[in-house]
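# What the coordinates show
Letter by letter, the chains look like this.
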Amino acid sequence: QAVSVAMRTRLDLPSGACADTDLSSGVDCAISIRFHGQSPEAFGLPRPVCQPLDVGGFILNVDVGSPVNVDELRFNVHGSGTHAECMRHVLPRDSGKTIDQLNPQQSIVGATLMTVGLSLPGIRYWMCDLPSIDREDDGGHVGNHKTFFRLEEDVEAAPERFVIEMASIPQTLPDGLYLADMQLAPIAGTDAVPARPVLYPVEI
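A brief structural summary.

Analysis parameters
Residues numbered from 1 in each chain as written. Predicted model: local features only at pLDDT ≥ 70, side-chain atom pairs only at ≥ 80, totals over all residues. Heavy atoms only, no water. Salt bridge = Lys/Arg side-chain N within 4 Å of Asp/Glu carboxyl O. Helix = DSSP H or I, 4+ residues; strand = E, 2+ residues; numbered from the N terminus. Contact = heavy atoms within 4.5 Å. Buried < 20%, exposed > 50% of the residue type's maximum accessible area, 1.4 Å probe, protein only. Polar contact = N/O pair within 3.5 Å; in protein donor to acceptor, adjacent residues only side chain to side chain.

Next up on the list: the pattern of salt bridges. Applying the stated rule across the entire model yields two salt bridges. Here Asp 28 and Arg 196 are joined by a salt bridge, their closest N and O atoms 2.7 Å apart. Placement of the pair is Asp 28 in strand 3 (residues 27-28) and Arg 196 in the loop between strand 13 (192-194) and strand 14 (198-203), with a sequence separation of 168 residues. Glu 41 is paired through a salt bridge with Arg 47; the nearest N and O atoms lie 3.7 Å apart.

Printed below as a string of structure tokens:
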């Protein structure tokens, strides 16, 4: 018989208060990248593709005689599922840091879930349940991206921020304080990567 075990942790906050959370009660807010069946489609980008790898005519598929299956995956991170992106998303290709260079100090951070919110002072990581924090067609202005990433400042001196878009935040999840485990895919050299944010309710 399976036994459910609560994994609780206590954090000391800068205010001097203590925050308790149950690490077994996390809420997964990710939309998976789906190669088969229904898949998110945003901005008219191609849907994800998964197919056996063809190496010089030798197809790595057990069904056609290969000893192993080796899938080749093709997808655009911005239109296929939950993802995190940095300021390089709206900069010339060789400007600013790639998302792996941001090096968040910790993967689990304090978070406030708000039903409505835009860029506010002090926010470094922002998660929203829309495909983008800007309208799909805004004439190319991407104004919310530019405001959040503070592109009016010197790019090298601007805060190291990223935004998680296309999250799946349950409507039943109440506004309040949470721990956010951001879980970014370890992919280097790009403006965005798949993400699997998990929220843990916090008790003060």
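Okay, the side chain of Asn 61 next. Note that Asn 61 resides in the loop between strand 6 (58-59) and strand 7 (71-74). Aside from chain neighbours lying at most four places away, what touches Asn 61 is Pro 52, Ser 66, Val 68 and Asn 69.

Turning our eyes to something else, we now look at the side chain of Ser 132. When you line up the elements, Ser 132 lands in the loop between strand 10 (125-127) and helix 2 (143-148). What makes Ser 132 buried here is its relative accessible area of 12%. Among the polar contacts made by the side chain of Ser 132, one reaches the main-chain amide nitrogen of Asp 134 at a distance of 3.0 Å. Ignoring anything within four residues of it in the chain, the contact list for Ser 132 reads Phe 43, His 145 and Glu 165.

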